[in-house]
Amino acid sequence: MKNLNLESELTYAEAIYKCMNFALESSSETILIGQGIGDSKGIFGTTSGLLNKFGKKRVIETPIAEEMMTGFALGASVNGLYPIMTHIRADFSLVAMNQIVNLFAKYQYMFGGQFQPSGLIRMIIGRGWGQGAQHAQSPHSLFSHVPGIRVIMPCSVDSVIENYQYEINNKSRLVISFEHRNLYDISFKLGANLGNYLKGSTVQRTGKDLTIVATSIMVLESIRAAEFLDVHYGISVEVVDLTSPSHPDYKLIFESVSKTGKLIVADTSWAPYGVGAEIARIICQTDPSILKSPIGVVSMEHTPCPTGKTLEDLFYPSVRNLVMLALKVCGKKLEKLPEGDSYRDFYRKFKGPF
Amino acid sequence: MIDSLKILEKAYFIRRVEEKLIEIYPTDLIQSPLHLSIGQESLAVGVCSNLNINDQLFTTYRSHAYYLAKGGNLNAFMAELMGRKNGCCKGKGGSMHLADSSVNFMGTSAIVGSTLPHAVGAAYANLIHNKSNLVVCVIGDGAADTGIYHESLNFAALHNLPVVFVIEDNDLAVHSTKQERQSFDLEKHAKMYGFLTYSLDDTQNPEKVSKFMKDVYLQGKTRKKPAWVKLKTFRYKEHVGVLDDFEIGYRQKSDYLAWLAKDPLIYEKFKANIIMEIDFVIEQAIKFAKNSPFPDPVELYTDVIQ
């Protein structure tokens, strides 16, 4: 097992770049596939320079053929290569649904284990600066529904490093990783919670009054809300990072909610049939009596994402929504809300274009 | 025994297997859809007779003939069709998802056109690994309707991959003819990408197909280009199932009879001892399959990627 050497603080995008470089450097079997991975922008810096460094045979700038290239990745993997594929927007992966769902996820099973294809598919969730209906979806629940796929949503540099390093070294399964575009430029200190990201769920902040189970960037929003609730209302919030929506640590989640008796799910996608529904299933199938009040779900509004800014702001949940919902779940009266909108301010500052 | 058969006999052996399946299908020993290769056996034998064990073959849900022609195990085939533990895919694949990795008969799929990119990716890996193995992908003319067909042709030609696409042209996608589905000429279209293209219409005789394919493979190898082949053929039975369906009216029985008149895989044309030997092997395989246990319940959960 090889390991990455890293400095103590780096951005999410830098961490991904280091992993991509590490993947190509540590194994001659690894190939990178995707639209835009070889161009000057290099997927927001995460693949910059790799084409020149490792050559066009291993860093493949592809035609606009998502479905074919996914099948290509499967075939290449069956013959010993380890493909890392990138969709610069998660929305584009829907074109490849057939190969992902009907083929890749089933290839080991259908043929009785004769083949063990593996690969990492990176999908970037867009948000802000008018990404609109087809550049801002977060379809992790769709893929988590299907057996045979491991879906992860790294919310920090630690999570990126630990998950990617593991997959790159082991090459043992199909993993779809959702990277949030708005995490890319955020700096993280390394090592705070290392060693916990392969378990599917990890506690990012301990608390005793309320559990928030969150995905991707909503983990960061939840931590902000938790700090505010602690200072202004004396509510102690436990934040569980759902690193893998497809393979959650059921026990960890159940134990956290057992302790707090209250649950909010904060997700980057829509609520119906989504992460909130699944976490509720986990609790209700095990012991619904642990809940002291109805659960809350923070999600995108159940509409396509509008492009214009005012509507876009209404579409996405903010830290204020989280705080208000937490007060409702905890039966407390609203007295004070956070100044500004936390990450919504960040999204406002995000000047795209992409 | 199968391996020692001559080309014509091998094709007839596959015909006998299919005929046997037709015979036993009403017993419900096989409880899943069957897409029979009957009528198209000569292509499978012709395509495979020039391949060695390391060459990889990707095909479709209509793949009984290719599985057997590539050297796939007959006992494991029968057991697979009957959903048994000793099946080539442990009873989880069945007729539409046959595979035998030991002879490089790769995973088959019931989604039309979906194995094309697998062949492209596999050929790409061979190129990276400097392996001289050939990758062959067999599809029907219906697959040429799909977008992934175009995408696969484009990439294979763009990167000059060591791959051969074989179109089994039975003119049908389930019940609709090419004329109803395609605005373009298949061969011209493939040539336009830069493929070496070939086509053969009289394919009833597997020896003829074999000779033809030998040349195709050789040209592809020496000229270092991907090759595209169209082999005309005739699907004798309904799209799925074991029955004739001429009464539906989407095709003419007279066309079938004209094709059949040139078909050498006829009972009367083979020596009695050969037929006896073939039938014995098939009976043994059926016995093997019937005696195979069903999969352990735990198999339901194995091989799901976690």
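Residues numbered from 1 in each chain as written. Chains lettered and ligands numbered in written order. Predicted model: local features only at pLDDT ≥ 70, side-chain atom pairs only at ≥ 80, totals over all residues.

A tally of helices and strands in chain B yields 11 helices and 7 strands. Compactness check: chain B gives a C-alpha radius of gyration of 19 Å against a globular reference of 19 Å for 306 residues, within 12% of the reference. Its C-alpha atoms give chain B principal-axis dimensions of roughly 55 × 50 × 35 Å. Burial statistics for chain B: of 306 residues in total, 48% are counted as buried. For chain B, contacts bridging at least 24 residues in sequence account for 75% of all contacts bridging at least 6. (Helix = DSSP H or I, 4+ residues; strand = E, 2+ residues; numbered from the N terminus. Rg over C-alpha atoms; globule rule 2.2 N^0.38 Å. Buried ≥ 20, exposed ≤ 12 C-beta atoms within 10 Å, placed from the backbone. Contact = placed C-beta atoms within 7 Å.)

Moving on, we come to the interface of chain A and chain B. Between chain A and chain B, the residue contacts involve 35 residues of the former and 32 residues of the latter. Elements represented by at least two residues in the side of chain A that touches chain B include exactly helix H4 (66-78), helix H5 (97-103) and helix H6 (107-110) of chain A. Among the elements that take part in the side of chain A that touches chain B, H4(A) stands out by supplying 9 residues, more than any other. Among the residues forming the side of chain A that touches chain B, the class breakdown is 18 nonpolar, 13 polar and 4 charged. (Nonpolar A, V, L, I, M, F, W, Y, C, P; charged D, E, K, R; others polar.)

With 181 residues, the main nonpolar core has Ala326(A) and Cys137(B) as its most contacted residues. With 10 residues, helix H1 (residues 12-26) of chain A is the largest single contributor of residues to this core. Lining this core are residues from two domains, each supplying at least three of them: domain 1 (9-189) and domain 2 (200-349) of chain A. Residues within four places of Cys137(B) in sequence aside, it is in contact with Phe58(B), Thr115(B), Leu116(B), Ala119(B), Val163(B), Phe165(B) and Val166(B). (Core = buried A, V, L, I, M, F, W, Y, C linked by C-beta atoms within 7 Å. Domains from an automatic or database assignment.)

What follows deals with the environment of Phe105(B). All names here are of chain B. Along the chain, phenylalanine 105 falls in the loop between helix H4 (74-81) and helix H5 (116-128). Here the alpha-carbon distance between phenylalanine 105 and phenylalanine 58, two residues 47 residues apart in the chain, equals 6.6 Å. If near-sequence neighbours (up to four positions away) are discounted, phenylalanine 105 is found in contact with Leu57, Tyr66, Tyr67, Lys70, Gly72, Ala99 and Asp100.

Moving on to the sheet that holds strand E3 (residues 59-61) of chain A. Residues and elements named next belong to chain A. Pairing is parallel across the open sheet formed by 6 strands, whose spatial order is E3-E2-E4-E5-E7-E6. In this open sheet, the two strands that pair with only one neighbour each are E3 and strand E6 (150-152). Strand after strand, the sheet turns through a mean of 20° between neighbouring axes, direction not considered. With 3 bridges connecting them, E6 and strand E7 (residues 174-180) associate as parallel partners. Opposite valine 151, over in E7, you have isoleucine 176 as the bridge partner. Against the sheet, H4 touches strand E2 (30-34), strand E4 (82-87) and strand E5 (119-125), its axis set at about 165° to E4. (Pairing = 2+ DSSP bridges. Axes fitted to C-alpha atoms, helices over the stretch in contact; angles between N-to-C directions.)

Right, let's get into unusual backbone geometry. Look at Trp129(A): it is not a glycine, yet its phi comes out positive at around 55°. The topology assignment puts Trp129(A) in the loop between E5 and helix H7 (140-144). Of note in the backbone geometry, Asp303(B) takes a positive phi value of approximately 70° without being a glycine. Assignment of secondary structure puts Asp303(B) in the segment after helix H11 (272-291). The exposure class assigned to Asp303(B) is buried, which follows from the 21 C-beta atoms found within 10 Å.

All right, on to the pairing of E4(A) then. Residues and elements named next belong to chain A. Counting buried positions along E4 gives 6 out of 6 residues, so the element sits mostly inside the fold. The pairing of E2 with E4 spans 5 bridges and is classified as parallel. Paired with threonine 30 across the strands is tyrosine 82, a residue of E4. With 4 bridges joining them, E4 and E5 adopt parallel strand pairing. Along E5, the bridge assignment pairs isoleucine 84 with leucine 120.

Take the domain arrangement of chain A next. All names here are of chain A. The assigned domain composition of chain A is domain 1 (9-189) and domain 2 (200-349). Just the C-alpha atoms count here: the centres of domain 1 and domain 2 sit 27 Å apart. Contact residues are listed per partner, giving 24 residues for domain 1 and 24 residues for domain 2. Mapped by element, the contributors of at least two residues to the side of domain 1 that touches domain 2 are H7, E6 and E7. The residue inventory of the side of domain 1 that touches domain 2, partitioned by class, reads 11 nonpolar, 11 polar and 2 charged.

All right, on to the sheet that holds strand E10 (residues 210-214) of chain A then. All names here are of chain A. Spatially, E9-E11-E10-E12-E13 is the arrangement adopted by the 5 strands of the open sheet, whose pairing is mixed. Either end of the sheet is taken by a strand with one partner, and the two such strands are strand E9 (202-205) and strand E13 (296-300). Strand-to-strand, the axes of this sheet are offset by a mean angle of 25°, without reference to chain direction. Pairing between E10 and strand E12 (residues 263-270): 4 bridges, direction parallel. Bridging across to E12, threonine 211 finds its partner in leucine 263. Against the sheet, helix H9 (residues 217-233) engages E9, E10, strand E11 (237-241) and E12, with an angle of about 175° to E11. In this fold helix H13 (residues 319-330) packs onto E10, E11, E12 and E13, with an angle of close to 165° to the strand it touches most, E13.

This paragraph deals with helix H10 (residues 250-260) of chain A. Residues and elements named next belong to chain A. Among all positions in H10, only Ile253, Ser256, Val257 and Thr260 are buried. Each buried residue of H10 sits inside an arc of 95° when the element is viewed along its axis, so together they form one side. Directly beyond the C-terminal end of H10, a positive phi value near 75° is found at glycine 261. (Arc of directions from axis to C-beta.)

Segments scoring low in pLDDT should not have their predicted coordinates read at a detailed level. In the predicted model, chain B carries a mean pLDDT of 96, and 100% of its residues have values of at least 70. Predicted as a complex, the structure gets a pTM of 0.96 and an ipTM equal to 0.96. (pLDDT = per-residue confidence, 0-100.)

This part covers the packing of H4(A) against H5(B). A pair of packed helices is characterised by two quantities: the angle between their axes and the separation of those axes. Remark: H4(A) packs on H5(B), axes separated minimally by 6 Å, with the N-to-C direction vectors making an angle of 50°. Taken as axis vectors, H4(A) and H5(B) run oblique relative to one another. Classified by chirality, the crossing of H5(B) by H4(A) is right-handed. For the pair H4(A) and H5(B), contact is made by Met68(A), Gly71(A), Phe72(A), Ala73(A), Leu74(A), Gly75(A), Ala76(A) and Val78(A) and by Pro117(B), His118(B), Ala119(B), Val120(B), Gly121(B), Ala122(B), Tyr124(B) and Ala125(B), respectively. Among the residues making up the contact of H4(A) with H5(B), the classes are represented as 12 nonpolar, 4 polar and no charged. (Parallel < 35°, antiparallel > 145°, perpendicular 65-115°, else oblique. Left-handed = near helix turned anticlockwise from the far one by under 90°.)

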